[in-house]
Structure formats: structure tokens, C-alpha cells
Amino acid sequence: KRGPPPAMIASSFYKAAEACTSILKENAARPVELSDRESLVNAVQTCLSSKVVSQNSDLLAPIAVDSVLNLLGDDPAKATNVDLRDIRMVEQLGGTVDDTELVKGLVFDKGSTKTAGGPSQIENAKIALIQFCLSAPKTDMDNNVVVSDYAAMDRILRDERKYILNLCKKIKKSGANVVLIQKSILRDAYNELSLHFLAKMGILVVTDVERTDVEFVCRTLGCTPVPHVDSLSPEKLGTAEHVGDVVLPGSGHKVVKFVGVSNPGHTSTVLLRGSNDLVLAEANRSVHDAQCVVRSLVKQRYLIAGGGAAETEASLRLRELALETTGLDSHCFKAYADALEVIPYTLAENAGLKPIDIVTELRKAHAEGMVGAGINVKKGRISDMYDLNVIQPLLVTTSAIKLATETVCMILKVDDLVVVM
């Protein structure tokens, strides 16, 4: 038997997906403002409830929400998207997940370099990010210098000392009291002599700043990277109220914290703690997923009930639309509505409930106008998901429907497979 052409089925499925999106937005979704922090936290807690760190959701949910809201600037109402790369996740082994914190500033995952006895705390910091090396110059080609007597050796050491001291004096003259040194692959970015001079001048030094972190550091601190010592000037310095080493509880490890920064680039830093690498990695993934939830709400400011409520509502209204439609579209809408019910059916099955009874009861609740009705897996019955704060962004559900539809339609349009051996 020859059925309807795949192209026509695909066209009807696209119409069904658009209808579902409209139904969910008009009938089931509730608008939310980014100023309504409680609703955002509830949506994030729903996301974290299935994670390994779910018992810490009361702490991680507000951190995820605040870290994203910090990126929106002075007028969050005008924001339409957010770049999660502006959030720096710093992992530190030791302590527990409860020690995780949102830092209003910047954190480096290592302490300051104090081999020469320099300061570890600086108030009213002026910060310079240098990309030149505080070590003796080196030629482009490999060579050897043969020293024949002690006088020549003393002259070489004296010139090297004079060269490095001159670099350090220029840094001090610019007004910088905190120096960040970018890691170098050509030669040593610093040596013990340069650290000694900077320590004597009362300058706090943080070494081995990764090249990939330079842009984030500059946006946070408001400084400009300096490629050559002659271009170092007060205008290129960043500012912070306090810069210093902090000993983390539970591990004794030191990090450098910059607090009270101007943050012109609107960035955030999350300091993650965990007892082992597995917990740290899981916490990192979970917080990132939670931040994605907030980003979805920035893009489309609607919340929708979870627990299979959205899919059941869309399925029910799509069946009603199928009765009003004629031709092939009617049959495809019915098939699409049946497919949507697989989600609450599977949810009930995974929860150890009787799926047929639960889905029937769920369908009845939505037919009576209970838009937020979903499966309460803890009590094994139908409840209003809005009352239980089991909510999620509308964009998550509509994106899943659209992407699944596009995938199916693409497969339907495949005429034949050519197997290449």
C-alpha cells in the first residue's frame, strides 16, 4: 500500500510543531520578569533536583541565578541574550560543595608568588597586566657565550641586574602595586632577581597568567595588557579595593582574590569547592546547566509547568485542533498528539507508577482546565506543578519540540541509503 507522500507528512508535522508552540505560550506558560528572583531560583532548583549535587541546590541555585544576572548590566529588562563564557568557574579541591561561593571580582587558582618575601595583601590596588618578560633578553637563535675571566662574568651579571632593575623601576613609576605576569613560552617570564626587586618595591606579583584568561581579566579589572615596558602608563592600570591571598578552609590551599573591582565588562566568578575531583567536575556541570536555565529565561521570559504538564496540554489542544482540520493535516496532528503523550507515560513508568492510569487521570485534569497538572512522582498522583514549584523555561520545551520535529522531517525526506563498503 502506498501511503501519503513523506513531504506532505513533514509539512503537516511542521504545522503541528508551530501549533504546539503557540498553544504552550498562550495557554500554559506564565510570564516572568528577571527581577522576580524567587521564580528564577525555583526554576533552577527544578533543574538541579536530578543532579548528584541536588542536596546542595539551596546554595547552588542562587549562585547560578546571581552569576548570570550580574552579566546583564544596568538595565536587565533590555537584555535578550547572555554569554556564559563571561562567567569564570574556578575549581579548588578541598572542603565541600557548601563552601562554593560567588565572588564579586576575580579569583586566581594559585596564590601570589612570594619567594622573595613580597606583600600578600594590597589595599587600593593599581593592577598592571604585563606581557613582556622580566628576565634577561635572549637572542632569536641559539648561541653560547664563552666567558674567559671573572671580570667578564661580573660585567654580564651586573648588566643583567641593571637591565631587570630598570624594568622594575618603570613598573613602579607607573603607579602599579599589583603585577600580573602572562605566561611566556619563548623564555622565562620572570626570574628570582625580578621577584626580589618587585618585593623590595612593595609590589604583589601573580605569575603564569594564561593567555586565554587575559581578555577575561582585562574586562573584569578594567586594565589593558601591556606588551612592552615603555607603553606602561597609569591609564592602562586596573583598580581593586583589595587584592590578597586567601587560605581556603578544608585544604590550606591559597588563592588570590580581587574584590571591589570596577568590572566594566560585567563578568562573574564562581569559586567551586569539592572533596574530590569527581564532585568538583559534577558541581561544575550542574552549575553550568543551571546557568543555561537562567539564560533561557533571558531569551524568552516565560515559565511552564514540568512533570509532563506541558506535553499533556499540547497533546490535548492539538487533538481538538485536529477535529477542526480536514485532510492529511488532521491525521498528522492526531499522530503528533499521540507522540507527545509518550513523555508523561515514560515519566510515570520510570517513577514506578501505573502509566495508563496516571496518563488518563492527567488527561482528565487538563480537560477540566487544570493547566499546571503534572505527575507528582513523590506522592504518586496528579498535582499542580505550579504549586509545587516544579517549573522550567518555556524555551526548553519549545526548542525540544522544534528540534525533534526537524529531525523526524529530515529522516522522512531521505529517499534511499547508499551503503559504501
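Residues numbered from 1 in each chain as written. Predicted model: local features only at pLDDT ≥ 70, side-chain atom pairs only at ≥ 80, totals over all residues. Heavy atoms only, no water.

### Brief notes about the layout of surface pockets
- By volume, the largest pocket is sized at about 1,100 Å³.
- Lining the largest pocket are 39 residues, with Gly 306, Gly 307, Gly 308, Leu 347 and Gln 392 sitting closest to its centre. (1 Å grid on protein atoms, 1.4 Å probe; cavity = no way out; pocket = protein on both sides within 12 Å on 5 of 7 lines; lining within 4 Å. Points joined across faces, edges and corners; volume = space filled by probe spheres on them.)

### Looking at the sheet that holds strand β10 (residues 268-274)
- Spatial ordering of the open sheet is given by β2-β10-β3, a layout of three strands whose pairing is mixed. Taken across any chain shown, the strands that pair with only one partner, and hence form the sheet edges, are β2 (87-93) and β3 (101-103). Between one strand axis and the next, the sheet turns by 25 degrees as a mean value, whatever way the strands run.
- In this sheet, β10 lies alongside β3 in antiparallel orientation, the contact comprising three bridges. (Pairing = 2+ DSSP bridges. Helix = DSSP H or I, 4+ residues; strand = E, 2+ residues; numbered from the N terminus. Axes fitted to C-alpha atoms, helices over the stretch in contact; angles between N-to-C directions.)

### Quick word on the pattern of salt bridges
- One pass over the full model with this rule turns up 17 salt bridges.
- We note a salt bridge from Glu 341 to Arg 363, for which the minimum N-O separation is 2.8 Å. In this pair, Glu 341 is assigned in the loop between α9 (328-340) and α10 (342-350) and Arg 363 in helix α11 (residues 355-367), connecting sequence segments 22 residues apart.
- Note on Glu 341: relative accessible area 11%, which makes it buried. (Salt bridge = Lys/Arg side-chain N within 4 Å of Asp/Glu carboxyl O. Buried < 20%, exposed > 50% of the residue type's maximum accessible area, 1.4 Å probe, protein only.)

### Digging into the pairing of strand β11 (residues 302-305)
- Bridge count between strand β1 (residues 30-31) and β11: two bridges; the pairing is antiparallel. Among the inter-strand pairings, Arg 30 is bridged to a residue of β11, identified as Leu 303.
- Of the strand pairs in this sheet, β11 and strand β14 (residues 391-393) are connected by three bridges, and their pairing is antiparallel. Paired with Leu 303 across the two strands is Pro 393, which belongs to β14.

### Quick notes on the sheet that holds strand β8 (residues 238-247)
- The six strands are arranged β4-β9-β8-β5-β6-β7 in an open sheet whose pairing can be described as mixed. Looking at strand neighbours, the two that pair on one side only are β4 (105-108) and β7 (204-209), the edges of this open sheet. For this sheet, the mean angle separating the axes of adjacent strands, direction not counted, is 30 degrees.
- In this structure, strand β5 (residues 121-130) lies alongside β8, joined through six bridges in antiparallel fashion. Residue pairing across strands places Ile 122 opposite Val 243, the latter belonging to β8.
- Against the sheet, helix α6 (residues 214-221) engages β4, β5, β6 (178-182), β8 and β9 (254-259), with an angle of about 145 degrees to β4. (Contact = heavy atoms within 4.5 Å.)

### Looking at a nonpolar patch on the surface
- A contiguous nonpolar surface patch, about 620 Å² in accessible area, is contributed by Val 145, Val 147, Tyr 150, Met 153, Ile 156 and Leu 157.
- Residue position: Ile 156 is located in helix α4 (residues 150-173). (Patch = residues over 30% accessible without salt bridge, like charges linked within 9 Å, V, L, I, M, F, W, Y side chains within 5 Å. Areas by Shrake-Rupley, 256 points an atom, 1.4 Å probe, with all protein chains shown as cover.)

### Focus: the pairing of β9
- Inspection of the sheet shows β4 paired to β9 by four bridges, in the antiparallel sense. If you follow Gly 105 over to β9, its bridge partner there is Val 259.
- Of the strand pairs in this sheet, β8 and β9 are connected by six bridges, and their pairing is antiparallel. Directly across from Val 247, in β9, lies its bridge partner Lys 254.
- From the end of β8 to the start of β9, which pair antiparallel, there are six residues, and Gly 250 there has a positive phi angle of about 95 degrees.

### Focus on the environment of Tyr 336
- Secondary-structure assignment places Tyr 336 in helix α9.
- Ignoring any residue separated from it by four or fewer positions in sequence, one finds Tyr 336 in contact with Phe 13, Ala 16, Ala 17, Cys 20, Leu 318, Ile 401 and Thr 405.

### As for the packing of α4 against helix α5 (residues 192-200)
- One can describe the packing of α4 onto α5 by two numbers: an axis separation of 10 Å at closest approach and a directional angle of 45 degrees. Viewed along their axes, α4 and α5 adopt a mutual orientation that is oblique. By crossing handedness, the relation of α4 to α5 is classed as right-handed. On α5, the residues that touch Arg 161, Ile 164, Leu 165 and Cys 168 of α4 are Leu 193, Ser 194, Phe 197 and Leu 198. (Parallel < 35°, antiparallel > 145°, perpendicular 65-115°, else oblique. Left-handed = near helix turned anticlockwise from the far one by under 90°.)

### Looking at the nonpolar core
- Ranked by size, the top nonpolar core spans 63 residues in total, and within it Leu 24, Val 44, Leu 318 and Tyr 336 carry the most contacts.
- Look past the residues within four positions of Leu 318 in its chain and what remains in contact with it is Ala 16, Ala 19, Cys 20, Ile 23, Phe 333, Tyr 336 and Ala 337. (Core = buried A, V, L, I, M, F, W, Y, C linked by side-chain atoms within 4.5 Å.)

### Here's the deal with the packing of aromatic side chains
- Going through the model one piece at a time under the given rule, you end up with two aromatic pairs.
- Centre to centre, the rings of Phe 13 and Tyr 336 are 5.7 Å apart; their planes meet at 70 degrees, and the pair counts as edge-to-face. Here the residue Phe 13 occupies a position in helix α1 (residues 6-28), and Tyr 336 occupies one in helix α9, the gap between them amounting to 323 residues.
- Taking relative accessible area as the criterion, Phe 13 reaches 15% and is therefore assigned buried.
- On the accessibility criterion, Tyr 336 (10% relative accessible area) is buried. (Phe/Tyr/Trp six-rings, centres within 6.5 Å; stacked < 30°, edge-to-face > 60°.)

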